[in-house]
Amino acid sequence: MKPLAIVTGVGPGTGSSLARKFAAEGYRVAMLARDAARLGALAQELPDAVAVPVDVSDAPALLAALEDLTTRFGPPKVVVHNAVGGAFGDFLAVDPAVLEQNFAINVLALHHLARALVPQMIAAGGGSLIVTGNTSALRGKAHFAGFAPTKAAQRILAEAIAREAGPKGVHVAYLVIDAVIDVPWARERFKDAPDDFFIAPDDIAAKVFHLAGQPKSAWSFLSEIRPFRETW
């Protein structure tokens, strides 16, 4: 049986690239996102892929989906939390309810994934839990009050999980993406930017796959990627 990779946030950019990468490397990929039509179309492309339409901020629905997957296919070998919620604007304008929703997607969903799946991975002999983040996990900027607090909390939660799960054989890593991801809405926003201003979703997926396969003697926790053109 193929090893199982569970990927949240399978949208048209990084999430789809993650699904394609793990499928190409011989995994059965369970793809979690809200858009059932997009998931269904992608599942038709990928051998043994499983479309799981679910809102990860809905804890009962998420946990039910995970229970169904592990009952059918056993414990995952890799879990990637790529789902993301964000709100941008002056902190006075950000509705607290929106910030709370973003915490549910970015932080609480990670907690639920870890609680439900890490013990199974430990019992099965190990695995990897990779979280995709960005520089908002490391700093707060103007107009990022609806987003940065959730990513910072997400990074700290991932590190706390890593401290406990790592010695038991589950590698937890946090990937900081310091870049504008090459998706249609970003191209529209940065119309005059050259191609190499953007980071390619396929290259992000390759980095996640590398982290998931690191040998135990050299595990990373915090890893950071950016396009070569960017000024540091």
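Residues numbered from 1 in each chain as written. Predicted model: local features only at pLDDT ≥ 70, side-chain atom pairs only at ≥ 80, totals over all residues. Heavy atoms only, no water.

**What to know about the side chain of Ser 223**
In step 1: By the secondary structure assignment, Ser 223 is in strand β9 (residues 222-225).
In step 2: Residue classification places Ser 223 among the buried positions, given a relative accessible area of 10%. (Helix = DSSP H or I, 4+ residues; strand = E, 2+ residues; numbered from the N terminus. Buried < 20%, exposed > 50% of the residue type's maximum accessible area, 1.4 Å probe, protein only.)

**Here's the deal with the packing of helix α1 (residues 14-24) against helix α7 (residues 201-212)**
In step 1: At a minimum axis distance of 8 Å, the contact between α1 and α7 shows a crossing angle of 50°. Put simply, α1 runs oblique to α7. As α1 packs across α7, the resulting crossing turns out to be right-handed. Between α1 and α7, the contacting residues are Thr 14, Ser 17, Leu 18, Lys 21 and Phe 22 on the first element and Pro 201, Asp 202, Ile 204, Ala 205, Ala 206, Val 208, Phe 209 and Ala 212 on the second. (Axes fitted to C-alpha atoms, helices over the stretch in contact; angles between N-to-C directions. Parallel < 35°, antiparallel > 145°, perpendicular 65-115°, else oblique. Left-handed = near helix turned anticlockwise from the far one by under 90°. Contact = heavy atoms within 4.5 Å.)

**Notes on the pattern of salt bridges**
In step 1: Applying the stated criterion to the full structure yields 11 salt bridges.
In step 2: The salt bridge partner of Glu 25 is Lys 21, with a shortest N-O separation of 3.0 Å.
In step 3: Exposure remark for Glu 25: the relative accessible area of 39% places this residue in the partly exposed category.
In step 4: Across the salt bridge formed by Arg 163 and Glu 159, the nearest N and O atoms sit 3.4 Å from each other. Within this pair, Arg 163 and its partner Glu 159 are both found in helix α5 (residues 148-165), separated by 4 residues, close to a single helical turn.
In step 5: Exposure remark for Glu 159: the relative accessible area of 24% places this residue in the partly exposed category. (Salt bridge = Lys/Arg side-chain N within 4 Å of Asp/Glu carboxyl O.)

**Observations regarding the nonpolar core**
In step 1: Grouped together as the largest cluster of nonpolar side chains are 37 residues, with contacts concentrated most on Ile 6, Leu 32, Leu 69, Leu 129, Ile 161 and Val 172.
In step 2: Where this core is concerned, the elements lending two or more residues are β1 (4-8), β2 (28-33), β3 (50-53), α3 (59-73), α4 (96-123), β5 (127-134), α5 and β6 (170-177).
In step 3: Of the residues forming this core, the biggest block, 9 residues, is contributed by α4.
In step 4: Excluding residues that lie within four positions of it along the chain, Leu 32 makes contacts with Ile 6, Val 7, Thr 8, Gly 9, Val 10, Leu 39, Val 52, Val 54, Leu 62, Leu 66 and Leu 69.
In step 5: Core analysis: the next-biggest nonpolar cluster, separate from the first, contains 29 residues, Ala 33, Leu 46, Ala 49 and Leu 211 among them. (Core = buried A, V, L, I, M, F, W, Y, C linked by side-chain atoms within 4.5 Å.)

**Quick word on the layout of surface pockets**
In step 1: Roughly 1500 Å³ of internal volume is contained in the largest pocket.
In step 2: Lining of the largest pocket is provided by 44 residues; of these, Val 84, Asn 134, Phe 147, Ile 181 and Trp 185 occupy positions nearest its centre.
In step 3: Taken together, the elements giving at least two residues each to the lining of the largest pocket come down to α1, β2, α4, β5, β7 (180-181) and α6 (184-189).
In step 4: It is β5 that contributes the most residues to the lining of the largest pocket, 3 residues altogether.
In step 5: Considered class by class, the residues forming the lining of the largest pocket number 19 nonpolar, 16 polar and 9 charged.
In step 6: If you add up the space inside the second largest pocket, you get close to 220 Å³.
In step 7: Surrounding the second largest pocket, His 111, Ala 114, Arg 115, Val 118, Pro 119, Ile 122, Leu 157, Ala 160, Ile 161, Glu 164, Ala 165 and Lys 168 form its lining.
In step 8: When contributions to the lining of the second largest pocket are tallied by element, the ones reaching two or more residues are α4 and α5.
In step 9: It is α4 that contributes the most residues to the lining of the second largest pocket, 6 residues altogether.
In step 10: Residues that form the lining of the second largest pocket fall into these classes: 8 nonpolar, 1 polar and 3 charged. (1 Å grid on protein atoms, 1.4 Å probe; cavity = no way out; pocket = protein on both sides within 12 Å on 5 of 7 lines; lining within 4 Å. Points joined across faces, edges and corners; volume = space filled by probe spheres on them. Nonpolar A, V, L, I, M, F, W, Y, C, P; charged D, E, K, R; others polar.)

**Regarding the sheet that holds β9**
In step 1: Pairing in this open sheet of 7 strands is parallel, and the strands run β3-β2-β1-β4-β5-β6-β9 from one edge to the other. Of all the strands in the sheet, just β3 and β9 have a single pairing partner and so form its edges. This sheet shows a mean twist of 20° between the axes of neighbouring strands, independent of strand direction.
In step 2: Sheet topology note: the β1/β2 ladder contains 5 bridges and is parallel. Looking across to β2, one finds that Ile 6 is bridged to Ala 30.
In step 3: Docked against the sheet, α4 engages β1, β4 (78-81), β5 and β6, running at close to 175° with respect to β4. (Pairing = 2+ DSSP bridges.)

**Some remarks on helix α2 (residues 36-45)**
Because an α-helix completes one turn every 3.6 residues, residues spaced three or four positions apart along the sequence face the same direction.
In step 1: Listing the buried residues of α2 in full gives Leu 39, Leu 42 and Ala 43. Buried residues along α2 cover an arc of 105° about the axis, so they all sit on one side. In α2, the exposed positions angled more than 90 degrees off the buried face are occupied by Ala 37 and Gln 44.
In step 2: Contacts from the buried residues of α2 go to α1, β2 and β3.
In step 3: Two to three positions downstream of the cap, the backbone nitrogen of Ala 37 sits 3.2 Å from a side-chain oxygen, assigning the N-cap of α2 to Asp 35. (Arc of directions from axis to C-beta. Polar contact = N/O pair within 3.5 Å; in protein donor to acceptor, adjacent residues only side chain to side chain.)

The values reported here are purely geometric and, on their own, carry no functional implication.
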